Amino acid sequence: DLECLIREDDPDQDFFLNVTHVQLHRRARAFTKLRKLILSDGKESNFSDQSCGNILLPLAMHPVYEIKSKSEEAYVVEAIATIGEIAKKLPWGKYNGTLQTLLNNLTRYPDQERFLIATMCAIIDAFHFDVDTGNSSDDSGTAATD
């Protein structure tokens with residue numbers, strides 16, 4: 001299901017070549033392309049849970065932990081936006097685990113605190129699970145008066 005990210009005919013459009021490229025703008029452009037593919041929600045971008053959680057998410061998380069200079073900020077911001085889109089496709093276990101990992105890593109990576117918090121916000125904004133409180137609207141304050 002990741003075939004749509006590979007472009008042998010045009011290396012400039014190949015996600016995997018660009019995400020590992022030495023130039024920052026090419027890496028940022030790779031994340032932009034991935035994010036737009038996920039947003040398009042078409043047949044060509046129907047990534048499996050395993051692909052999203054085990055391949056795409058770690059690739060997008062890497063810049064958050066590895067930022068070393070101000071010149072890399074645009075690249076990291078694009079990675080964070082991509083993480084937010086990937087999070088919309090994650091199952092609950094991976095979604096929750098990713099948030100827990102980020103929370104636990106706040107103290108381990110104090111220099112990246114700003115980016116870790118931005119990543120958590122992007123993931124929380126991508127919350128897509130049905131929340132059932134257990135209360136139905138029928139029994140809200142209606143008691144039998146016999």
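All of these numbers come straight from a predicted model, not from anything done at the bench.

1. Quick look at the packing of aromatic side chains
Summed over the entire model, instances satisfying the criterion amount to 10 aromatic pairs. On the basis of an interplanar angle of 90 degrees and a centroid distance of 5.2 Å, the ring pair of tryptophan 92 and phenylalanine 129 is categorised as edge-to-face. Of this pair, tryptophan 92 sits in helix H5 (residues 92-105) while phenylalanine 129 sits in the segment after helix H6 (113-125), and the two are 37 residues apart along the sequence. We classify phenylalanine 129 as partly exposed; its relative accessible area is 21%. Ring geometry for phenylalanine 127 against phenylalanine 129: centres 5.4 Å apart, planes inclined by 70 degrees, an arrangement best described as edge-to-face. Judged by relative accessible area, phenylalanine 127 falls into the partly exposed class, the value being 39%. The ring of tyrosine 75 is capped by arginine 27, whose NZ or CZ atom sits 5.1 Å from the centre of that ring.

2. Focus: the packing of helix H3 (residues 49-66) against H5
Where H3 meets H5, the closest approach of the two axes is 13 Å, and the angle between their N-to-C directions is 20 degrees. Judged by the angle between their axes, H3 and H5 are roughly parallel. In this structure, the crossing between H3 and H5 has a hand that is right-handed. Along the contact surface, H3 presents Gly53, Asn54, Leu57, Met61 and Tyr65, while H5 presents Lys94, Thr98, Thr101, Leu102 and Asn105. Broken down by class, the residue content of the contact of H3 with H5 amounts to 4 nonpolar, 5 polar and 1 charged.

3. Regarding H5
Between its terminal C-alpha atoms H5 stretches 20 Å, which fits the 20 Å expected from 14 residues at 1.5 Å a residue. Those residues of H5 not exposed but buried are Tyr95, Thr98, Leu99, Leu102 and Asn105. When H5 is viewed along its axis, its buried side chains cluster within an angular range of 135 degrees and face the same direction. Turned more than 90 degrees away from the buried face of H5, the exposed residues are Gly93 and Asn104.

Conventions used here
- Residues numbered from 1 in each chain as written.
- Predicted model: local features only at pLDDT ≥ 70, side-chain atom pairs only at ≥ 80, totals over all residues.
- Heavy atoms only, no water.
- Phe/Tyr/Trp six-rings, centres within 6.5 Å; stacked < 30°, edge-to-face > 60°.
- Helix = DSSP H or I, 4+ residues; strand = E, 2+ residues; numbered from the N terminus.
- Buried < 20%, exposed > 50% of the residue type's maximum accessible area, 1.4 Å probe, protein only.
- Lys NZ or Arg CZ within 6 Å of the ring centre and 35° of its normal.
- Axes fitted to C-alpha atoms, helices over the stretch in contact; angles between N-to-C directions.
- Parallel < 35°, antiparallel > 145°, perpendicular 65-115°, else oblique.
- Left-handed = near helix turned anticlockwise from the far one by under 90°.
- Contact = heavy atoms within 4.5 Å.
- Nonpolar A, V, L, I, M, F, W, Y, C, P; charged D, E, K, R; others polar.
- Expected span 1.5 Å × (residues − 1).
- Arc of directions from axis to C-beta.

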